[in-house]
Amino acid sequence: MSRPQLLSQPTTALTLADVHTQSRKEIGSRLSSPNSRNVSRRQSVTQFGRFLGTSESGGEDSASLKSYAPTLDARLDGESMLGDVAEDTVTPAWRALSAQIERDNPFDVAIAPEDDIISWQLQHEFEDLGFVQRDGSNEEELLELWKAKLKHFFILSASGKPIYSRHGDDKLISHYIGVVQTVISFYQGAKDPLKGFTAGDVRFVMLSRGPLNLVAISRLGESDSQLRTQLESLYMQILSTLTLPSMEKMFSNRPSTDLRRPLQGTEQLLDGLADGFTRGSPSTLLSALECLRLRKTHRSAINDTLLNVRSPNLLYGLIVAAGRLVSVVRPKKHSLHPGDLHLIFNMLFEADSVKAGGGENWIPLCLPGFNNTGFLYMYVSFFSTNTTDDTQGVHERTATAGKDDELAIVLISANKEGFFELRKMRNALVKQLEKNGSMGIIKTAIRKGHATCSDIVPGTVLRHFLYKSRGNVQFTMPSFEPHFHGMVARRKVMTLYAQLHESIHSRTAHLKVQHCVAKDATALAWETPLFELYCVGGPLVTRAALAQGANRIVQWIKREEERVFIIGGAVF
Amino acid sequence: MADSTQASAPKPSSSVKLVLLGEAAVGKSSLVLRFVNNDFHPNKEPTIGAAFLTQKCHLPARIIKFEIWDTAGQERFASLAPMYYRNAQAALVVYDVTKASSLVKAKHWVAELQRQASPGIVIALVGNKVDLCEEDGAGTSGEGAGEGEAGGEDDDDAVARKVGFKEAKAYADEESLLFFETSAKTGHNVSEVFTAIANAIPEASLKGARGAGAAAGGGGATQAAISGGAGQESSRVNLTAKGDGKAQEGCAC
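Thresholds, definitions, all that
- Residues numbered from 1 in each chain as written.
- Chains lettered and ligands numbered in written order.
- Predicted model: local features only at pLDDT ≥ 70, side-chain atom pairs only at ≥ 80, totals over all residues.
- Heavy atoms only, no water.
- Helix = DSSP H or I, 4+ residues; strand = E, 2+ residues; numbered from the N terminus.
- Buried < 20%, exposed > 50% of the residue type's maximum accessible area, 1.4 Å probe, protein only.
- Contact = heavy atoms within 4.5 Å.
- Areas by Shrake-Rupley, 256 points an atom, 1.4 Å probe, with all protein chains shown as cover.
- Buried area = accessible area lost by both parts, 1.4 Å probe.
- Salt bridge = Lys/Arg side-chain N within 4 Å of Asp/Glu carboxyl O.
- Polar contact = N/O pair within 3.5 Å; in protein donor to acceptor, adjacent residues only side chain to side chain.
- Nonpolar A, V, L, I, M, F, W, Y, C, P; charged D, E, K, R; others polar.
- Pairing = 2+ DSSP bridges.
- Axes fitted to C-alpha atoms, helices over the stretch in contact; angles between N-to-C directions.
- Phe/Tyr/Trp six-rings, centres within 6.5 Å; stacked < 30°, edge-to-face > 60°.
- Lys NZ or Arg CZ within 6 Å of the ring centre and 35° of its normal.
- UniProt positions renumbered as here; feature names shortened; annotations may be inferred.
- Core = buried A, V, L, I, M, F, W, Y, C linked by side-chain atoms within 4.5 Å.
- pLDDT = per-residue confidence, 0-100.

Asks: Any chance you could break down the overall build of chain B for me, citing the residues and the numbers?
Replies: Within chain B, the secondary structure is distributed over 5 helices and 7 strands. The secondary structure elements of chain B, listed N-terminal to C-terminal, are β-α-β-β-α-β-α-β-α-β-α-β. For chain B, buried positions account for 56% of its 253 residues. For chain B, restricting intrachain contacts to residue pairs at least 6 apart in sequence, the fraction spanning at least 24 positions comes to 74%. Carbon and sulfur atoms form 50% of the exposed surface of chain B, whose accessible area is close to 9900 Å².

Asks: Residues and numbers for the overall build of chain A, please.
Replies: The secondary structure content of chain A amounts to 20 helices and 18 strands. Within the span of chain A, comprising 572 residues, buried residues form 58% of the whole. At a minimum sequence separation of 6, the contacts of chain A that also span at least 24 residues come to 70%. As presented, chain A carries roughly 23100 Å² of accessible surface, and 52% of it is formed by carbon and sulfur atoms.

Asks: Tell me about the interface of chain A and chain B, residues and numbers included.
Replies: On the side of chain B, 27 residues touch chain A, which itself brings 30 residues to the contact. Contact with chain B buries area across many residues of chain A, yet A:Gln264, A:Trp362 and A:Phe420 alone supply 23% of it, more than any other trio. Close ionic contact of A:Arg261 with B:Glu75 constitutes a salt bridge, the shortest N to O distance being 2.5 Å. Our count for the chain A to chain B interface comes out at 8 residue pairs in polar contact (both at pLDDT 80 or more). The set of elements that each furnish at least two residues to the side of chain A that touches chain B consists of helix 10 (260–263), helix 11 (267–279), helix 15 (353–356), strand 10 (360–365) and helix 16 (419–435) of chain A. In terms of residues, the side of chain A that touches chain B owes the most to one element, strand 10 of chain A, which gives 5 residues. The residue inventory of the side of chain A that touches chain B, partitioned by class, reads 14 nonpolar, 10 polar and 6 charged.

Asks: Tell me about the sheet that holds strand 2 (residues 151–157) of chain A, and please be specific about residues and values.
Replies: In a beta sheet, neighbouring strands pair by backbone hydrogen bonds and run either parallel or antiparallel. All names here are of chain A. Taken together, 5 strands build an open sheet; the order of strands is 3-2-6-5-4 and the sheet is antiparallel. Either end of the sheet is taken by a strand with one partner, and the two such strands are strand 3 (162–165) and strand 4 (196–199). Each neighbouring strand pair of the sheet contributes to a mean axis angle of 15 degrees, computed without reference to strand direction. Bridge count between strand 5 (residues 202–209) and strand 6 (residues 212–218): 7 bridges; the pairing is antiparallel. Bridge pairing in strand 6 places Phe 204 opposite Ile 217. In this fold helix 7 (residues 170–189) packs onto strand 2, strand 3, strand 5 and strand 6, with an angle of close to 65 degrees to the strand it touches most, strand 2. Set on the sheet, helix 8 (residues 224–242) makes contact with strand 2, strand 5 and strand 6; between it and strand 5 the angle comes to about 45 degrees.

Asks: If you had to explain the packing of aromatic side chains to someone new, which residues and values would you point to?
Replies: Pairs of aromatic rings are described using the distance from one ring centre to the other and the angle between the two planes. Tallied over the full model, the rule gives 26 aromatic pairs over all chains. Plain terms: the ring middles of B:Phe35 and B:Phe66 are 5.9 Å apart, the flat faces sit at 75 degrees to each other, and that makes the pair edge-to-face. Of the two residues, B:Phe35 sits in helix 1 (residues 28–37) while B:Phe66 sits in strand 3 (residues 63–71), which places them 31 residues apart along the sequence. Residue B:Phe35 is classed as buried on the basis of its relative accessible area, which comes to 3%. Taking the relative accessible area as the measure of exposure, B:Phe66 reaches 0% and is therefore buried. Among the aromatic residues, ring-to-ring pairing joins A:Trp362, A:Tyr377, A:Tyr379, A:Phe419, A:Phe420, B:Phe52, B:Trp69 and B:Tyr84 into one connected group. Positioned above the aromatic ring of A:Phe572 is the side chain of A:Arg310, whose terminal nitrogen or guanidinium carbon lies 3.9 Å from the ring centre. The ring of B:Tyr171 carries the charged tip of B:Lys107 above its face, separated from the ring centre by 4.9 Å.

Asks: If you had to explain the pattern of salt bridges to someone new, which residues and values would you point to?
Replies: All names here are of chain A. Taken as a whole, this structure holds 23 salt bridges over all chains when the rule is applied. With a shortest N-O distance of 3.4 Å, Arg 260 and Asp 258 are connected by a salt bridge. With a closest N to O distance of 3.2 Å, Glu 527 and Lys 512 form a salt bridge. Highlighted residues: Glu 527 in strand 16 (residues 522–527) and Lys 512 in the loop between helix 19 (487–505) and strand 15 (513–517), separated in sequence by 15 residues. Lys 512 carries the same exposure label as Glu 527, and that label is buried.

Asks: Just give me the short version of the UniProt feature "domain: FUZ/MON1/HPS1 first Longin" (unreviewed entry) in chain A, but keep the residues and values in it.
Replies: Mapped onto this structure's residue numbering, the UniProt feature "domain: FUZ/MON1/HPS1 first Longin" (unreviewed entry) falls at residues 151–273 of chain A. Overall, residues 151–273 of chain A shows 49% helix and 24% strand. The separation of its end C-alpha atoms is 13 Å.

Asks: I'd like a description of the nonpolar core, backed by residues and values.
Replies: Ranked by size, the top nonpolar core spans 94 residues in total, and within it A:Leu325, A:Ile344, A:Leu348, A:Met378 and B:Leu125 carry the most contacts. The residues touching A:Ile344, leaving out its near neighbours within four places in the chain, are A:Leu318, A:Leu365, A:Leu367, A:Met378 and A:Ile412. If you look at the next biggest cluster of nonpolar residues, it comprises 33 residues, including B:Leu53, B:Ala90, B:Ala196 and B:Ala198.

Asks: Pulling in residues and values, what's your account of the side chain of A:Asp520?
Replies: Of note, A:Asp520 is situated in the loop between strand 15 and strand 16. Side-chain polar atoms of A:Asp520 contact the side chain of A:Lys492, separated by 2.9 Å.

Asks: How would you summarise the pairing of strand 11 (residues 376–384) of chain A if you had to cite specific residues and measurements?
Replies: All names here are of chain A. Of all 9 residues making up strand 11, 9 are buried, and the element is well covered by its neighbours. Neither face of strand 11 is exposed, since Leu 376, Met 378, Val 380, Phe 382 and Ser 384 on one face and Tyr 377, Tyr 379, Ser 381 and Phe 383 on the opposite face are all buried. Looking at chain direction, strand 10 and strand 11 are connected through 6 bridges and run antiparallel. What sits directly across from Glu 360, in strand 11, is Ser 381. Direction of pairing for strand 11 relative to strand 12 (residues 406–413): antiparallel, over a ladder of 8 bridges. Bridge pairing links Met 378 to Ile 412 in strand 12.

Asks: Lay out the side chain of A:Gln121 with the relevant residues and their values.
Replies: Turning to its location among the elements, A:Gln121 is positioned in helix 5 (residues 117–124). In this structure A:Gln121 comes out as buried when scored by relative accessible area, which is 6%.

Asks: Just give me the short version of the environment of A:Glu127, but keep the residues and values in it.
Replies: Residues and elements named next belong to chain A. Note that Glu 127 resides in the loop between helix 5 and helix 6 (139–148). Along the chain, Glu 127 and Lys 149 lie 22 residues apart, while their C-alpha atoms are 9.6 Å from each other. Here the side chain of Glu 127 touches His 124 through a polar contact of 2.9 Å, side chain to side chain.

Asks: Account for the environment of A:Lys249, naming residues and giving values.
Replies: Residues and elements named next belong to chain A. Its location among the elements puts Lys 249 in helix 9 (residues 244–253). Taking relative accessible area as the criterion, Lys 249 reaches 55% and is therefore assigned exposed. Separated by 170 residues in sequence, Lys 249 and Phe 419 have C-alpha atoms that sit 29 Å apart.

Asks: Please give an account of the confidence of the model for chain A that cites residues and values.
Replies: All names here are of chain A. Mean pLDDT over chain A stands at 79; residues scoring 70 or higher make up 75%. Taken as a whole, residues 1–90 scores under 50 in pLDDT and shows 180 contacts with residues more than four places along the chain or in a different chain. Contacts of residues 108–115 to residues separated by more than four positions or lying in other chains number 9 contacts, the stretch itself having pLDDT below 50.

Asks: So, unusual backbone geometry: which residues are in play, and what are the values?
Replies: All names here are of chain A. Residue Pro 482 is reached from Glu 481 by a cis peptide bond, and omega for that bond is 0 degrees. With respect to the secondary-structure elements, Pro 482 resides in the loop between strand 14 (474–476) and helix 19. Of note in the backbone geometry, Val 473 takes a positive phi value of approximately 50 degrees without being a glycine. Take Val 473: it is sitting in the loop between strand 13 (462–469) and strand 14.

Below you can see the structure in the form of structure tokens.
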């Protein structure tokens, strides 16, 4: 599990830009410092157009930040580095998402739909368009619906054959696929591949991978690199279905291959990934995994059990609870790639195909991060955990069990005939976990769900945070409740996180701490070689209070590190 | 339905390996889901790889424990199929009565099974989704509707129907297959298919199962005799004991 991966260069020295305050005077100011940096980071910076400049970002605060946060040894510069950002550069997406904000509980408010096109659209984002009638009578209407979608993904072959589109059937989108293909191949022909462009309030990002071109089209204000990560993930899913050599062979035999045929049935998995990105997924944003919080002794008991019952053909074994990792068993020389795990989790928990059937599954899949040339075989068995007072043992889950209380045992082998061997291992594993009480502990932990922010740091002004441990490639977070209730509020807070993330990750950024103030929220991003921390507080929270909250979270993590993260895992 | 009640008196029980094959989206998983959980999900997402389920089928004289491999219909999984039918004693080849090409695919599967599967394998051809043919009398309202089996009346009953009962039946007779038209949605004929298969398994190939978990590992004594026509439907089925079922090994565990 542990795969030390420092995504950015470790830093020692802090520079002037270490603490970065973005503030904005009220309407009327123009872009005042159009330096190159501002331009290159425009995508993220403009998102903060609504953030208000207040006197809080003055010197008084910087002093208090220092005093409250000894670990944040930064020279504070009260002046905004970027100057003010003009209102007209704010994307309508952000404006509309913000439009529903009310001071007190900004993320929890429904506002008149006419003010709130994006929020409204978000609720209809995942609805099916339906098909174009044979006589074409409803085409106009469908096109309107199609254009209203906040986010599109296209995948097409190098020769321009459509492979995947999140919304709309072929008949509806074929013109657009044609346009996309023309644009891409024009630039590719000029040996200057197009990476992205903006049209109105929409950002287009292209990614070319082997014989495929992938396109993301977003009105949600994500950065290019974030959209590119999403496209990479879709590409990984295609490799996972086909393997790289077999896909390349198809195209070298026949460049005009229609890849949809061999991919049949994969659309649901691509849809699952795409919709996850549209809803906003902390895991994708941070390229990290989340674990179920367990006591260290409990987790090592589970690890020991896994090692005890390990069968000879096992490569990886996972216990997964509602998208959170409980335990992992793996060979010493092979770690698990977070991207691969994301594909597995998507298959198990987003697409219904595996769990809806009940029973056990045997699934050939390629894990491109592990090896993109061959298939592995995955045994999956689901359990429901909501069988309270269940002394008899784990019930085979029923098809109707809810999503949040599901426990899956995933055993992966390179042996195509390994089903019954792994099934035997599953039975032994479940039996032992029952016997030593671990199963009950896991179920209790799942049922408890995420702790709220104020459970973790009592009395804090923070409403939510994301903490990523870079060395472990894992993250932890509190529940979105009670402050961020519902999809729109979550999308909004994820948008904020995405902007913070971009502000410390974009190539030109040298920030270590970023502080943002807005009418509806305050936020702080803090990066060190060991971790990334993003936290969000209510409106009008002072920087000092935010920094204090951040430090308390870091202290909490230090205490809880071996509970919230899997460190090492069971290795054989 | 004959399968859902636990028998109190101990009856001899045997395991039967059964595999489902057929084109994508004909309703293989839905048939299994109806049989195993008596449940139906419209718009069920496609199976990935294969799913393994078990269900008991109570016959008058014995209990048959089905170990079911529900395979994915997509072409890219076709190369894995031999792994699932290799030791199977029964196969359910499914097509969609509203899609002519699915019968063509079903015929391919039947041919492959006859060529490569165990010689004694019992094959049932199943035309699913009869609920989509309104005139069919299969009933769209409740389970158990349509005992009358009106599917055989004529071949041009509804616009939706693309494969006629007579056509498929004639093919099934020719190849000595069990044949049913079913609706996983309404439950029509679903348990009958499995009961008929259970009855059609040659006695010699039945083995005692050892407990629930042990997937037919050892060769138990061949169980007691079984009366021939226990299933309601099996009487109208042309069943020839081709390839005299010999005792087969249990599943490949």
